[in-house]
Amino acid sequence: MYHLRLKGDHYQMGVKRGTLFRKNGVTFPLHLDRFQLDYGTQSERILNRFFPEVCQEIRGVSDAAGVDYTAFASWLLCMGCCMYNLEENIPVEVRGCTAFACVKNGRVIYGRNNDLPPYLKKGSKSELYAPAGGNRFVITTSSFINGEEGLNEHGLAVAMTFVMTRLEDIRPGLNSCFLVRYLLEKADSVKTALTLLKEVPAASNCNLLLADASGEMLVAECTPSEKRVREAERLDGGRIVCAVNRFTSPEMRPYDGTTGNDYRSEERYRTVMEHFAGHIQGLERKEDGDLIGAAKQLLKGEFGFLCQYDDEPDFETVWSSVFDLKSRMIYRAEGDPRRCRFVEDRRLRDCMERT
């Protein structure tokens, strides 16, 4: 996993990345069909209206790497939105992922398994951003510029989980990974993140998990036509919320375009909400690491099915994360958490302490 640090002007951050791409001979599969290019072009206009700074970052990459901006921005906006449901796409996108947040005994913890085809593991990145005029944050991504999850300096965690969308239901807007980036950079709490989210068109189905250091947490179940808030469920002295690769609310299930394998989403949801929730009910106030340790055990599959994709061809957990939202500490296993240890990532905390 690459660990990049970016700060300052958005265009120059893009130039830095694009220069690295060019020096390392990185090329991009910008082979979009007419549907994708039309969708991407319209979505870029929406992205530029709500988040012009990130468009400047994309332009910096495209200028430095020597690629067409419109095609490049469209390609980024198609990821996780309309790259998986057209037969011409090679490789076909598939995505799993389990994300949760819980509060217990004053601790506020977020955790995630990011489940993807293993070819995406090598290019995955954990990036520290300190953008001019925006929040400082760490974002973890199998792409770049956008991402699947992150934590910002205010203790706000934002994470997406993919939900299949029928092709005819997709609309121009921000894909889930750009929504993650937008909220990390612009919001300072669940309340402000939700206000921003309600104003932005979502291009396709997704869950967005929001949690902050105060203990506020929820999942926004998003479609191009509707967004519904699912509140956390109460524990004995705490709360917990989880998102997988389906909509949990009965009202939103008709929008779900899943027709085949969703990588045992329902079972993963039960593992978090029943087995893990039951385990943390018994945790008493001891050391800070108790809840963090329990979250790591959960992600390793010790409380039930979560990462054990041994029988799935070309699919695995490529990283696992645990965030302590109050201390801004991040713990990450860069690979299958059953075989890779969780390592502290202090970059965000250290960045905050220096200023």
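Coordinates for the structure precede this section.
Residues numbered from 1 in each chain as written. Predicted model: local features only at pLDDT ≥ 70, side-chain atom pairs only at ≥ 80, totals over all residues. Heavy atoms only, no water.

Observations concerning the overall build of the protein
Right, on to step 1. Broken down by element type, the protein carries 9 helices and 15 strands.
Right, on to step 2. For 355 residues, the compact-globule formula gives about 20 Å, and the C-alpha radius of gyration of the protein, at 19 Å, lands near that figure.
Right, on to step 3. Its C-alpha atoms give the protein principal-axis dimensions of roughly 55 × 50 × 40 Å.
Right, on to step 4. Across the 355 residues in the protein, those meeting the buried criterion constitute 60%.
Right, on to step 5. Accessible surface for the protein amounts to roughly 14300 Å². Of this, 47% is attributable to carbon and sulfur atoms.
Right, on to step 6. Measuring between centres, the 48 positive side-chain charges of the protein sit 5 Å from its 51 negative side-chain charges. (Helix = DSSP H or I, 4+ residues; strand = E, 2+ residues; numbered from the N terminus. Rg over C-alpha atoms; globule rule 2.2 N^0.38 Å. Buried < 20%, exposed > 50% of the residue type's maximum accessible area, 1.4 Å probe, protein only. Areas by Shrake-Rupley, 256 points an atom, 1.4 Å probe, with all protein chains shown as cover. Lys, Arg positive; Asp, Glu negative; His and termini not counted. Charge placed at Lys NZ, Arg CZ, Asp CG, Glu CD.)

Looking at the sheet that holds strand 9 (residues 217-222)
Right, on to step 1. Strand order in the open sheet formed by 8 strands is 1-4-5-6-7-8-9-10, with mixed pairing between adjacent strands. Every other strand in the sheet has two partners, leaving strand 1 (2-8) and strand 10 (227-231) as the edge strands with one partner each. Geometrically, the sheet is characterised by an average inter-axis angle of 15° between neighbouring strands, direction not taken into account.
Right, on to step 2. In terms of strand pairing, strand 9 meets strand 10 through 5 bridges, oriented antiparallel. What sits directly across from Cys-222, in strand 10, is Lys-227. (Pairing = 2+ DSSP bridges. Axes fitted to C-alpha atoms, helices over the stretch in contact; angles between N-to-C directions.)

Remarks on the pairing of strand 3 (residues 107-116)
Right, on to step 1. Counted residue by residue, strand 3 has 10 buried out of 10 residues, so it is predominantly covered.
Right, on to step 2. Where burial is concerned, the two faces of strand 3 agree: the one with Arg-107, Ile-109, Gly-111, Asn-113 and Asp-115 and the one with Val-108, Tyr-110, Arg-112, Asn-114 and Leu-116 are both buried.
Right, on to step 3. Hairpin geometry of strand 2 (residues 98-104) and strand 3 is characterised by an intervening segment of 2 residues between the two adjacent antiparallel strands and by a positive phi of about 55° at Asn-105.

Looking at empty space enclosed by the protein
Where empty space is left becomes clear once a probe the size of a water molecule has been rolled over the atoms.
Right, on to step 1. For the structure shown, the criterion picks out 1 cavity of 30 Å³ or more.
Right, on to step 2. Reported here for the largest cavity is a volume of approximately 30 Å³.
Right, on to step 3. The wall of the largest cavity is formed by Arg-95, Gly-96, Cys-97, Asn-114, Leu-116, Glu-148, Met-160 and Phe-162.
Right, on to step 4. Counting only elements with at least two residues in the lining of the largest cavity, the list comes to strand 3 and strand 7 (157-162).
Right, on to step 5. Each residue belonging to the lining of the largest cavity can be placed in one class, and the counts come to 4 nonpolar, 2 polar and 2 charged. (1 Å grid on protein atoms, 1.4 Å probe; cavity = no way out; pocket = protein on both sides within 12 Å on 5 of 7 lines; lining within 4 Å. Points joined across faces, edges and corners; volume = space filled by probe spheres on them. Nonpolar A, V, L, I, M, F, W, Y, C, P; charged D, E, K, R; others polar.)

A look at helix 4 (residues 69-78)
Right, on to step 1. Of all 10 residues making up helix 4, 9 are buried, and the element is well covered by its neighbours.
Right, on to step 2. Every buried residue of helix 4 is accounted for by Tyr-69, Ala-71, Phe-72, Ala-73, Ser-74, Trp-75, Leu-76, Leu-77 and Cys-78.
Right, on to step 3. Capping the start of helix 4 is the job of one residue whose side-chain oxygen sits 3.3 Å from the backbone nitrogen of Thr-70: Asp-68.
Right, on to step 4. Gly-80 sits one or two positions beyond helix 4 and adopts a positive phi of about 65°. (Polar contact = N/O pair within 3.5 Å; in protein donor to acceptor, adjacent residues only side chain to side chain.)

Topic: a positive patch on the surface
Right, on to step 1. Together, Arg-5, Lys-7, Lys-16 and Arg-354 give the surface a local cluster of positive charge.
Right, on to step 2. Relative to the helices and strands, Arg-5 is located in strand 1. (Patch = residues over 30% accessible without salt bridge, like charges linked within 9 Å, V, L, I, M, F, W, Y side chains within 5 Å. Salt bridge = Lys/Arg side-chain N within 4 Å of Asp/Glu carboxyl O.)

Thoughts on the packing of helix 5 (residues 176-186) against helix 6 (residues 190-199)
Right, on to step 1. Between helix 5 and helix 6, the least distance of the axes is 10 Å, while the angle of their chain directions is 135°. Taken together, the axis directions place helix 5 and helix 6 in an arrangement best described as oblique. As for the relative orientation of helix 5 and helix 6, their crossing is right-handed in sense. Taken together, the residues of helix 6 that come into contact with helix 5 (itself represented by Leu-179, Tyr-182, Leu-183 and Lys-186) are Ala-193, Leu-196 and Leu-197.
Right, on to step 2. Here the residues of the contact of helix 5 with helix 6 are counted per class, giving 6 nonpolar, no polar and 1 charged. (Parallel < 35°, antiparallel > 145°, perpendicular 65-115°, else oblique. Left-handed = near helix turned anticlockwise from the far one by under 90°. Contact = heavy atoms within 4.5 Å.)

Some remarks on the packing of aromatic side chains
Right, on to step 1. If you walk through the whole model with that rule in mind, you get 17 aromatic pairs.
Right, on to step 2. On the basis of an interplanar angle of 50° and a centroid distance of 6.3 Å, the ring pair of Trp-75 and Phe-144 is categorised as tilted. Taken together, the residues Trp-75 in helix 4 and Phe-144 in the loop between strand 5 (137-141) and strand 6 (149-152) connect sequence positions 69 residues apart. Phe-144 matches Trp-75 in its accessibility class, with the two residues each being buried.
Right, on to step 3. Judged by centre distance (5.5 Å) and plane angle (90°), the rings of Phe-305 and Tyr-309 are edge-to-face.
Right, on to step 4. A relative accessible area of 8% places Phe-305 in the buried class.
Right, on to step 5. Take Tyr-309: its relative accessible area is 4%, and that puts it in the buried class.
Right, on to step 6. Members of the aromatic cluster, connected to one another through ring pairs, are Phe-21, Phe-28, Phe-72, Trp-75 and Phe-144. (Phe/Tyr/Trp six-rings, centres within 6.5 Å; stacked < 30°, edge-to-face > 60°.)

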